[in-house]
Amino acid sequence: MSERHRLRAILTLAYLNGVVPIRTQPLYLLNVIASPLSFLFFVTIASNGVLLDYAVGGGMIMMMLSVGTSLQTDISHYKQDLKFQDVVVASPVEAWVYVGGMALSELVYSLPGLAVFVFLWAINGWVTLPAALTLAGVLLLVWSFASALGFTLATYFEDVRETFVFSPLISLGLSVLPPVYYPIQHLPAAVRPFAYLSPTTYAADLMHGAVGLGGPTFTGALIDWAVLLGFTLGLLFLASVKARWREP
Amino acid sequence: MTSAIVAQGLSKVYPRGGVTALSGVDLEIPAGDVFGLIGRNGAGKTTFVRVAATQLMPSAGHLSVLGHDVAQAADRIRPRIAAVPQESRPLYFLTVDQLVYLYLRLRGHERSDARERTDRVLAELDLTSIAHRLVSRLSGGMRRRAMVAMVLASDAEVLFLDEPTTGLDPIARREVWAAIRRARRERRTVLLTTHYLDEAEALSSRVALLDGGRVRLEGTPAELRQRVRLPYRVTVEGVLTRGELEPYGEVSEVNGAHLVFAREREARELAMAALGRGARVAMGPVSLEDIFLQVVGRRLDDESPVEEPA
C-alpha cells in the first residue's frame, strides 16, 4: 500500500466510523461529552469555582482518554460481533492504518466536547502560543497512548462485555484517581508517589501550565514530557507486538 | 492448471483448549475457478478459510496463496484477497451503497472506480432499489447479500466466501450464485464453504469433503461419484421389504421410503425388479449428499457429537 493509499484508508475509516454514525444518530456525541462535563460541573461547584482551571485541563485529558475507551469498545464489538476486523485483515489495510483510522474516528466524536473545553480555556484568557502548543502536544500524546491501549486490550477480549469491565477501571486509574481534576497537593503525602505511576499525572502537570496555573519548572516540564512521550512510545510498541491482528 | 491455494500437511491446534481443527490437510485449489469446501459444523472448513485468508496462524505445515506463504508473507497476499467471514455482518449504521463504496475506498480504489464498481455490483445483485437503505433495517438475507456484493466489487483475485448464502431465501441464494458465477467468468478464484451440497455442486468445479479436520475426498463432483463404492441410488416406495432390498446394496430408510446405494448393475436389476412388483422407483447417480453419507457415515445435517476432534 502506498502512503497515499494509507492516508486514504485512514480518512475513510475516520469518515466511516466517525462522521457517518454521527449523521445517523447525533446523540452519540452526548455519550462522549457527558462524563468530562459532569466532572467539570461537580469539581467547579464543590470548590466554589476555585478548581475551575483544574477541571478544564482535566476535562480535556478525560476527553482524550475516552477516545481510548470508546475505541476499545468499538474494536471489540466490530471484531467479535460483526467480524469486521477479519474483513479488514483480508485486505491491503495494515493493522496500524486500521488503528489510526479508528482512533481518528473516535476523535471526531470528541470534537464538540473538546470545543466546549477550548472555549472555556479561551474565555479565561489563557490563550498564548506556548500554552496552545503545550495543550496540543499533551492532548496528542494522551490520544495516542489511550488509542494504543484501547486497541491492544480490545484484540484480546472474547466478548464486548469485557470492555464494560475494563473501561471504567481505565477511567478510574487514569483520570479520576490521579490528580487530573485537582492539585496533587490535595493528596495525602503518603499516597502522592503512587500518583506518579499514572502518565496522566505528568499530562496534567503540563496542562496546568497551559491553563494559567503556573505549571512545572523547566526541569519539571522536561521530565513530564519525557515520561509522557516514553509511556506513549512504550504503549505504541506494545500495540505493535502484542495486539492481535491475526489470531494465533 | 496453476494453483491459487496449496496446503501441505496443514494443521491447526487452537492454543486455548488445545482443540485440533485441521490435521495434515493436503489440498490444491486451482486458480480462476470456484472450489467448494463441504463438511459438517466443526469439520474444519472455517479454520481452513481463516488460515488461507491470513486471519489465523497455522500450527504446522504450509499453506500458500498465490505463491506466498501465509505465515511468512501475509503482507503480499492481503492486497490480492477479500473475505466474507462466517457470521459476519455489515456495520449497521451504513447504507448498502456506503458499505460497498467505503470498503472499496478502504482498499485503495480511486473515487470514480469505486463509484462505478459499486453501482455495477449493486445492479448485478439486484440491490440498487435498497442502495440507500440502512443495513440495520434489512433482513438477514439482504445483509448477507450486501456483504457478498462488497467483496465481489473489489479487484481481489481470490475471494473467500464462508457460508455466504446461509439464511438466504431461495431467490436470494440464486442471485448470490449468479454473482459467484460472474466471479468465475472473470477468472477469479473463489473458495466457497457451504452446508448446502446442491450449492457446492451447482457452483464448484471441484469440491473437497472435510471431516474431523481431514480431507476425506477431493475432486470434481463426477470424480467423487466414481470414487465411491456404490455410485447409484435407488429410491423404492412400497411393496418391497428391507430384507428383499438388502442383496442389492446398502439400504436405509428416508421419509418412509427405502434408499438403496448400489453398483450400476445391481441398481438396474433392483429398479426392474421393483417396477415389476408395482413399486414406485427413482434411480440415478448419487448426489454429493449421498457421497457424504457414504464416506462419513452420517448425514451432513447430523449434529450428534463425534469422537473425532472438531
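Notes on the structure follow. Because the structure is a prediction, the values reported are computed rather than measured.

## Things to note about helix α6 (residues 170-185) of chain B
Residues and elements named next belong to chain B. Its 16 residues give α6 an end-to-end C-alpha distance of 22 Å, which sits within 8% of 22 Å, the value for a rise of 1.5 Å per residue. Those residues of α6 that sit buried are Ala172, Arg173, Glu175, Val176, Trp177, Ala179, Ile180, Arg182 and Ala183. Along its buried surface, α6 packs onto β3 (34-38), α4 (111-124), α5 (140-152), β7 (158-162), β8 (189-194) and α7 (197-203). The distance from a side-chain oxygen at the start of α6 to the backbone nitrogen of Ile171 is 3.1 Å, and the residue carrying that oxygen is Asp169. Just downstream of α6 lies Arg187, where phi reads positive at about 65°.

## Side note on the packing of helix α6 (residues 129-154) of chain A against helix α7 (residues 161-176) of chain A
Residue and element names in this part refer to chain A. Where α6 contacts α7, the two axes come as close as 12 Å, and the packing angle between them is 150°. Viewed along their axes, α6 and α7 adopt a mutual orientation that is roughly antiparallel. Relative to α7, α6 is oriented so that their crossing is right-handed. Together, Phe145, Leu149 and Leu153 of α6 and Phe166, Ile170 and Leu174 of α7 make up the contact between the two elements. Of the residues assigned to the contact of α6 with α7, the class counts are six nonpolar, no polar and no charged.

## Notes on the pairing of strand β6 (residues 81-84) of chain B
Side chains on a regular strand alternate between the two faces of the sheet. Residue and element names in this part refer to chain B. Here β6 shows a buried face lined by Ile81 and Ala83 and a second buried face lined by Ala82 and Val84. Pairing analysis gives four bridges linking β6 to β7, with the strands arranged parallel. Among the inter-strand pairings, Ala83 is bridged to a residue of β7, identified as Phe160.

Conventions used here
- Throughout this description, residue numbers start from 1 for each chain and increase along the sequence as written.
- Working convention: letters from A go to chains and numbers from 1 go to ligands, in the order in which they are written.
- Thresholds applied to this predicted model are a pLDDT of at least 70 for local features of residues and 80 or more for the giving and counting of side-chain atom pairs; totals over whole chains, interfaces and linings are not thresholded and use all residues.
- Hydrogen atoms and water are omitted, and side-chain values are computed over all heavy atoms in the structure.
- The way it works is that DSSP assigns letters per residue, a run of H or I at least four long becomes a helix, a run of E at least two long becomes a strand, and they are numbered from the N terminus.
- Given the number of residues in a helix, its expected span is that number minus one, multiplied by 1.5 Å.
- Relative accessible area decides the class of each residue, using a 1.4 Å probe on protein chains only: under 20% of the type maximum gives buried, over 50% gives exposed, and in between gives partly exposed.
- Only heavy atoms matter for contacts: two residues are in contact if any of them lie within 4.5 Å across the pair.
- Side-chain atoms alone can form a polar contact between residues adjacent in sequence; in general such a contact is a pair of N or O atoms within 3.5 Å, and within protein one must be able to donate a hydrogen while the other accepts it.
- Lines are fitted to the C-alpha atoms to define the axes, a helix being fitted only along its stretch in contact, and any angle between axes, read from their N-to-C directions, falls within 0 to 180 degrees.
- For classification purposes, angles smaller than 35 degrees are called roughly parallel, those larger than 145 roughly antiparallel, those between 65 and 115 roughly perpendicular, and all remaining angles oblique.
- Less than a right angle of anticlockwise turn of the near helix away from the far helix marks a crossing as left-handed, whereas a clockwise turn marks it as right-handed.
- Residues were grouped as follows: Ala, Val, Leu, Ile, Met, Phe, Trp, Tyr, Cys and Pro as nonpolar; Asp, Glu, Lys and Arg as charged; and all remaining residues, including Gly, as polar.
- Being paired, for any two strands, means DSSP has found at least two bridges between them.

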